[in-house]
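Residues per chain, in single letters:
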Amino acid sequence: MITVDVKWFAAFRDITGTPGETCQTDATSPAALFNQLRLKHSSLNERGAALVAINNEVSGWDTPLNDGDEVLFFPPVAGG
């Protein structure tokens, strides 16, 4: 198990009702972590075009997680 700090932004913050949370997890990637957190926050949809950053650097959904990482989830945004 590792401990990570999760930060939610925009619509994800509204859905989860919190700007962030600390999680103990066995997830090895942001994708696995997001899927685990969907069980806790049942209103979270598929991640779709969402972005993820680890320790303030945009990362891939399969980037390995390490103990103490800060994982930021950004929902897709519509533009025009």
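As a reminder, the structure under discussion sits directly above these lines.
Bear in mind the structure is a predicted one, so any value in this text is a computation, not a measurement.

(A) Broad picture of the nonpolar core. Residues Val6, Trp8, Leu33 and Phe73 are the most contacted members of the largest nonpolar core, which totals 19 residues. At the level of elements, β1 (2-8), α2 (30-40), β3 (51-54) and β5 (70-74) are the ones that each hand at least two residues to this core.

(B) Fine view of the environment of Ile54. Secondary-structure assignment places Ile54 in strand β3. A sequence separation of eleven residues divides Ile54 from Leu65, and the C-alpha atoms of the two residues are 8.1 Å apart.

(C) Quick peek at unusual backbone geometry. Notably, Ala10 is not glycine yet its phi reads approximately 50 degrees, a positive angle. For Ala10, the position within the fold is in the loop between β1 and α1 (11-16). You will see that Asn55, though not glycine, has its phi angle at about 50 degrees, which is positive. The residue Asn55 is located in the loop between β3 and β4 (57-59) in this model.

(D) Focus on α2. Looking only at α2, the buried set comprises Pro30, Ala31, Leu33, Phe34 and Leu37. For α2, the buried positions fall inside an angular range of 160 degrees around the axis, keeping them on one side. Close packing links the buried residues of α2 with β1, α1, β2 (20-25), β3 and β5.

(E) Looking closely at the packing of aromatic side chains. All told, the structure shown has eight aromatic pairs when counted by the stated rule. Relative to Phe34, the ring of Phe12 has its centre 5.6 Å away and its plane inclined at 50 degrees; by these criteria the two rings are tilted. Placement of the pair is Phe12 in helix α1 and Phe34 in helix α2, with a sequence separation of 22 residues. No difference in accessibility class separates Phe12 from Phe34, as the two residues are buried. Three or more aromatic residues joined by ring pairs make a cluster, and in this case those are Trp8, Phe12, Phe34, Trp61 and Phe73.

Calculation rules
Residues numbered from 1 in each chain as written. Predicted model: local features only at pLDDT ≥ 70, side-chain atom pairs only at ≥ 80, totals over all residues. Heavy atoms only, no water. Core = buried A, V, L, I, M, F, W, Y, C linked by side-chain atoms within 4.5 Å. Buried < 20%, exposed > 50% of the residue type's maximum accessible area, 1.4 Å probe, protein only. Helix = DSSP H or I, 4+ residues; strand = E, 2+ residues; numbered from the N terminus. Arc of directions from axis to C-beta. Contact = heavy atoms within 4.5 Å. Phe/Tyr/Trp six-rings, centres within 6.5 Å; stacked < 30°, edge-to-face > 60°.

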